[in-house]
Every structure is written in structure tokens, then in C-alpha cells.
Amino acid sequence: MANDSKTWRCGKYELSFDRPRIMGVLNVTPDSFSDGGEHFDPDAAIEYGLAMLDAGADIIDVGGESTRPGFTPVNPDEEARRVLPVVRALAKEGAIVSIDTRHVAVAKAAVRCGASIVNDVTGFTDPKMVEFVKTSTCGVIVMHAGEVAAPTRTHATVQLDTSAAAFVAEKAREAAAEAAREAEKPARRRRGKLLGEPKPEAKLPGGVVQPSLPFGEPEPATEPASEQETPAAEQAAAAETVAPAPEAASEPNDHLAAMMRRSVRREEAYVPTSQLRRFTLPDSAPIMRRVMGFLSDQARALIHAGVSRDRICIDPGPGFGKTANEDIVIQRETAKMASLGYPLMCAVSRKRFVGAVSGVTEAAERDAATFGVCLGAIQAGANIVRVHDAAGFAQFLNGYWAVAKPQPRRAFVAVGSNLGHRCDNIRAARDMIAEIPLTCVSNSSKIYESEPAYETRQDAFANAVIEIKTELAPLVLLDELMKIEAELGRDRSKKAKANGPRTIDLDLLWMDGETHGGKKLRLPHPLIGERDFVLVPLEDLMHDPARFFRYNGVEVKEPEDRVGHIVGELGRM
């Protein structure tokens with residue numbers, strides 16, 4: 001299950017997996033397979049990325065090159081131009097940003113702009129990419145992109161002579177050979193067996209050695225003589241390909257592009273056969289040997305190069321060089337991949353095989369089926385799900401997790417008031433917090449009086465901190481806190497001053513195992529380290545809160561440098 005002991009270090013962030021993590025897909029491209037062009041404008045992409053964070057995404061995966069079947073390669077300069085403004089803006093808002101690229105120059109620039117994860121679809125087979133990540137602290141995603149079918153034997157074309165004379169001559173040769181064999185039988189038989197009888201052909205081993213690049217050999221660049229001579233599957237792939245932008249330069253020996261073109265033809269081609277298949281799916285053993293062999297080999301190579309194990313995540317790469325049957329086999333073996341010990345990603349969102357099993361033709365309409373496949377992967381041990389509809393999946397996951405996985409976690413809520421009966425307002429808020437579903441109040445600090453912070457021309461505040469246990473997701477809990485504020489008369493309209501007088505103020509400070517960025521919620525609270533009116537009440541609930549939050553990556557100021565200093569006690573909660 002996802003609630004295991006794995007952790008994933010990604011730069012300054014550390015992700016725990018007591019709960020599955022959601023990676024939202026943000027394609028800053030004109031030609032991605034399900035959302036191409038929707039977020040090509042940087043401002044639109046930034047707005048959508050922030051919306052995914054506010055809807056429940058934990059990570060935003062930003063990509064500037066489509067790797068759909070039949071894609072047009074993009075040069076690194078153009079890819080960087082697309083993604084860097086988006087990466088920089090999202091990282092500034094506290095987001096954990098992943099850069100989806102196979103170009104080392106783009107990865108370097110994105111990490112400088114604040115990206116915490118490098119998601120390489122070529123599985124770090126480029127030595128330059130390995131050299132870069134070993135000198136950084138970013139998290140890495142090793143993905144398998146390649147064909148998993150065992151190589152088939154090729155046979156030379158035989159030219160048949162269909163003339164009558166040739167037919168008669170061939171029959172005569174066969175008759176003579178048969179007569180010679182019959183004459184030799186008595187002399188060569190021993191214990192009922194023919195000594196000269198050929199042995200059955202030895203079977204090839206099921207697994208093959210994983211090449212350094214998992215894409216196979218690049219296909220020869222042959223031009224069909226005419227449109228009529230082009231195979232139907234190849235025409236279909238060509239029809240999906242978007243013409244490159246003037247600045248996009250196609251790479252003549254692009255292994256990934258060649259492999260994806262072959263993948264389309266292999267998926268769509270009809271191979272006539274007189275022999276029916278005996279099983280609904282191919283044997284899993286050779287497929288998983290190639291996929292797991294590559295992932296574990298590449299992970300070990302990164303570790304030997306100097307990348308710490310807790311920075312590595314693996315992804316079997318659904319849809320990359322694989323047929324629908326092969327993708328299903330791989331998904332059914334999720335538990336085996338999870339047993340490798342690395343955080344495991346399920347990146348099936350809207351893929352072709354999801355459409356095949358659900359009967360949904362349009363990629364953008366496959367979200368419900370995607371959620372079903374992701375749930376199966378989570379139950380088998382997947383830790384991260386990469387989805388296009390982050391908001392929908394967050395709802396889906398919250399509903400499932402609340403029923404299936406009892407998981408109370410500790411959190412701290414700061415409470416303040418400087419209008420009306422301040423202490424009564426704080427006690428009323430505490431009682432209402434205790435009524436939130438799947439939540440209880442486990443402890444409370446004393447109530448303190450503090451100087452006003454930020455906006456100094458107002459009355460002094462009463463402040464306290466409440467310790468709770470909750471099974472709600474952070475954003476769901478925050479919504480419940482906002483409802484309490486509204487019920488107690490908090491004015492959050494635009495005409496109200498941001499730090500002005502209020503009947504009640506509830507801030508979610510910290511939650512066990514949670515790191516979050518965005519406009520709606522930041523965890524840990526970004527201002528907790530400078531607020532004396534928060535840190536002093538926290539001393540009633542834990543030993544040395546300054547040390548605790550410093551350990552969690554929060555900058556904590558010395559008491560004399562803080563704002564909203566405590567000036568007295570107002571009593572117990």
C-alpha cells in the first residue's frame with residue numbers, strides 16, 4: 001500500500017508516502033495528445049498550475065515537448081523558452097515542481113529556476129544527464145521508454161518457382177528422399193526411437209539483455225514511393241503528427257521519436273494468423289524482466305554515480321513503446337515493481353491502453369477510467385499518481401482514503417481575535433473545530449495577549465494554538481476552518497484589510513507529513529518562523545518549537561526579531 005516507510009528527497013523538500021501523492025500534468029506544448037495548446041501561453045500555464053495546487057496536487061510536472069506517438073522533437077532552446085517562466089513562477093509560490101525533459105540543458109536551467117525534480121523519459125541513459133543530477137540535490141524519476149516484446153526471428157524472402165516443370169521436379173526429389181529414409185529405418189532404430197531423428201528446436205530464453213537505450217534500434221529512414229504504398233497504420237500516425245514550429249528542429253536520429261512511431265504501427269497493425277491465441281495476455285515474465293531490469297539497472301547506475309537512493313523514483317513508462325496488452329500486464333505487476341524499494345509512479349493518465357479497456361475513444365474523456373487504473377495501482381503499492389485532472393482525482397482519492405485507510409495525523413491551528421469578546425471567540429472556535437468530521441482536539445495552549453503584527457494601529461490580540469488530530473486532507477481541513485471563520489463573523493471580503501481587526505482568525509500551521517504550495521495554502525505556514533504570537537503558545541504543546549520547525553525547513557527568527565510579541569497571559573482555554 002501507499003502508506004509505507006518510503007520517503008523521496010527532492011531538493012529542499014521531503015515527501016512521505018503515508019498517503020498517495022498527486023502529480024498534476026502541465027503541458028506547455030501545442031501538440032500534447034489530450035490537452036495540446038490549452039496551456040501553451042505561459043500565463044495560462046501558471047494559472048492552471050496554481051489551480052491544480054489549490055485543488056489538491058502535491059507536485060506539478062511541467063513539460064515543453066510532447067512525447068505522444070508520432071511527436072515532433074523540439075530543440076532544447078525552444079523547450080526552455082516554453083517551460084522556464086512557468087517553473088520559476090510555480091516554485092516562487094512554494095510548489096514542488098518537476099521538469100519533464102530529456103535534454104540536460106533544459107533540466108539544468110529548470111533546476112536553477114526552482115524545479116525540485118527531473119523527470120527523464122529516457123531513464124537517465126544520457127551520461128550528461130547523470131553527470132548533472134549527481135551534482136544536484138533534486139529528485140529524479142527513472143522512466144522505462146522502450147519496446148518490451150521479445151525480438152522475433154527474421155526470415156529471408158523465398159522466391160517460389162511456380163512452373164509445372166519445377167513442381168514435377170520437386171515432387172520427384174521428395175519421393176526419392178522419402179524412399180531413402182524408409183530404407184534406413186531398420187538399421188537406425190534403437191528401443192523404439194530413430195537415432196537419426198532430429199531433436200526438437202531449443203526454445204529461446206524468455207528474457208533479453210536490456211540495452212543501454214531501451215528504445216531498440218532506430219528504424220531506417222525510408223520514403224514510400226507514393227501515398228498508396230504507405231501502410232495504413234503509418235498514415236494514421238502521420239495524420240496525428242503536428243507540423244513543427246519554425247524554430248523546432250527535428251533530430252534525424254531521435255531514438256525516442258523512432259520508437260514511438262514503431263509503437264503506433266505495432267499497436268494498430270493487423271497481423272493475420274491461422275493460429276488462435278490460447279491466453280488473453282502475453283506472458284508477464286519476459287516483459288517484467290525487461291522493464292524491472294532496466295529500472296533497477298538505471299537506479300543502481302545512478303547510485304554508483306553518486307545519487308543517493310532516497311532521491312530516486314521509478315516509472316514503468318506506460319504507452320512508451322508498449323501495446324495495450326503489455327501495459328495491462330505491467331500494471332498488474334505493480335506490487336513486484338514496488339518491491340524494488342523505490343517510490344513508484346503510476347503515470348497512466350488518458351493513455352491509449354486506458355481507452356482500450358474502457359472503450360473511450362477521446363483521450364480527454366478517459367479521466368474516470370484513469371482513476372480506476374490508478375486505484376488498482378495504489379492498492380498494489382504505487383506511491384505517486386500522475387494525472388491530468390488533478391482536482392477530480394483529489395476528490396476521488398479523498399473519498400476512498402477516508403473510508404479505506406484510517407489515518408489520524410497531528411496538526412496545529414493558530415487562533416487569534418481582537419474584536420468583541422476575544423477569549424470567548426477563541427473558545428467557540430475550539431469547540432467548532434472539535435465538530436469537524438474525522439477531527440478531534442487533542443490539546444490547547446493557554447490564551448496569550450500579543451501586540452498587533454503588520455498592521456499596528458489596532459487593538460491587541462488574544463492568541464492561542466490548538467493541537468488536533470485529523471484524517472482529512474489539508475485542503476479539505478482548510479475549507480472547514482474557513483467555514484468556522486465565516487460563521488463567527490470573519491470578514492474576508494476585498495474591502496477588509498489583510499491584517500486588520502477580525503473576530504477570529506484560523507491559520508493551519510503544520511500537518512504531519514504534508515508539504516504544500518500555492519495561493520490557497522502553504523505548508524508549513526511560510527510566516528510561522530517570524531510570529532512570536534504563534535511560537536510562544538506552541539511552547540505549551542511541544543518542546544522547543546523553534547528547533548522543531550527549523551528541522552522541517554522553516555527559517556525561525558530570534559525572539560527579538562519577531563513580530564506580534566507576547567505581552568501577557570489571559571488564562572487557560
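Per chain, the residues get numbers from 1 upward, laid out in the order the sequence is written. Local features in this predicted model are restricted to residues whose pLDDT is 70 or higher, and side-chain atom pairs enter the listing and the counts only when it is 80 or higher, whereas totals over whole chains, interfaces and linings include all residues. Only hydrogens and water are set aside when side-chain values are computed; all heavy atoms of the structure are taken into account.

I'd like to hear about the packing of helix 1 (residues 42-55) against helix 2 (residues 76-92), residue by residue, with values.
The geometry of helix 1 relative to helix 2 is characterised by a closest axis approach of 9 Å and an angle of 35° between their N-to-C directions. Both helix 1 and helix 2 take part in a crossing whose hand is right-handed. Contact with helix 1, carried on its side by Pro42, Ala45, Ile46, Gly49 and Leu50, involves Pro85, Val86, Ala89 and Leu90 of helix 2 and no other residues of that element. Gly counts as polar in this scheme, as do all residues outside two lists: the nonpolar Ala, Val, Leu, Ile, Met, Phe, Trp, Tyr, Cys and Pro, and the charged Asp, Glu, Lys and Arg. When its residues are assigned to classes, the contact of helix 1 with helix 2 shows eight nonpolar, one polar and no charged. Lines fitted to C-alpha atoms define the axes, with helix axes restricted to the stretch in contact, and inter-axis angles between N-to-C directions lie between 0 and 180 degrees. The helix count covers DSSP runs of H or I at least four residues long, the strand count covers runs of E at least two residues long, and both are numbered beginning at the N terminus. What makes a crossing left-handed is the near helix being turned counterclockwise from the far one by less than a right angle; a clockwise turn instead makes it right-handed. The contact rule is simple, with two residues in contact once any of their heavy atoms fall within 4.5 Å.

With reference to specific residues and values, describe the pattern of salt bridges.
What makes a salt bridge here is a side-chain nitrogen of Lys or Arg within 4 Å of a carboxyl oxygen of Asp or Glu, nothing more. Under the counting rule described, the total for this entry stands at 34 salt bridges. Of the charged contacts in the structure, one is a salt bridge between Asp424 and Arg427, with a shortest N-O distance of 3.7 Å. Of this pair, Asp424 and Arg427 both sit in helix 14 (residues 422-433), three residues apart, which is roughly one turn of that helix. Where Lys483 meets Glu480, a salt bridge forms, and the shortest distance between an N and an O atom there is 3.5 Å. Of the two residues, Lys483 and Glu480 are both situated in helix 15 (residues 474-487); the distance of three residues between them amounts to about one turn of the helix. The rule is simple: take the accessible area with a 1.4 Å probe, protein chains only, and divide by the maximum for that residue type; under 20% is buried, over 50% is exposed, in between is partly exposed. With a relative accessible area of 52%, Lys483 lands in the exposed category.

An account of empty space enclosed by the protein is needed here, citing residue identities and associated values.
Cavities and pockets are found on a 1 Å grid laid over the protein atoms alone: a cavity is a set of points where a 1.4 Å probe fits but cannot escape, a pocket is an open set with protein on both sides within 12 Å along at least five of seven lines, and a lining residue has an atom within 4 Å of such a point. Grid points are joined across faces, edges and corners, and a volume is the space filled by probe spheres set on the points. Applying the stated rule across the entire model yields two cavities of 30 Å³ or more. In this structure, the largest cavity spans a volume of roughly 40 Å³. Lining of the largest cavity is provided by Glu65, Thr67, Glu79, Asp100, Thr101, Arg102 and Val121. Broken down by class, the residue content of the lining of the largest cavity amounts to one nonpolar, two polar and four charged. Approximately 30 Å³ is the volume attributed to the second largest cavity. Counting residues per element, the ones that place at least two in the lining of the second largest cavity are helix 10 (334-338) and strand 11 (345-346). Residue classes in the lining of the second largest cavity are distributed as seven nonpolar, two polar and no charged.

Give me the environment of Ile378: which residues, what numbers.
Considering the arrangement of structural elements, one finds Ile378 in helix 12 (residues 367-380). Along the primary structure Ile378 and Ala335 are separated by 43 residues, whereas in three dimensions their C-alpha atoms are 9.4 Å apart.

Explain the packing of aromatic side chains to me, using residue names and the numbers behind them.
Aromatic ring pairs are reported here in terms of the distance separating the ring centres and the angle at which the planes meet. Aromatic rings from Phe, Tyr and Trp, taking only the six-membered ring of Trp, are treated as a pair when their centres fall within 6.5 Å; an angle between ring planes under 30 degrees marks them as stacked, one over 60 as edge-to-face, and anything in between as tilted. Going through the model one piece at a time under the given rule, you end up with seven aromatic pairs. Here Phe371 and Phe396 contribute two aromatic rings whose centre-to-centre distance is 5.5 Å and whose plane-to-plane angle is 40°, an arrangement assigned as tilted. Highlighted residues: Phe371 in helix 12 and Phe396 in helix 13 (residues 390-404), separated in sequence by 25 residues. By relative accessible area, Phe396 is classed as partly exposed at 29%. Between Phe548 and Phe549, the ring centres sit 5.1 Å apart and the planes meet at 85°, which makes this aromatic pair edge-to-face. You can call Phe549 buried: its relative accessible area is 0%. Aromatic rings pair up to connect Phe412, Trp510, Phe548 and Phe549 into one cluster. The ring of Tyr342 is capped by Arg309, whose NZ or CZ atom sits 4.1 Å from the centre of that ring. Geometrically, a charge over a ring is one whose NZ (Lys) or CZ (Arg) sits within 6 Å of the ring centre while staying within 35 degrees of the ring normal. Above the ring of Trp401, the side-chain terminus of Lys405 is found at 5.9 Å from the ring centroid.

Just distances and angles here, no functional claims.
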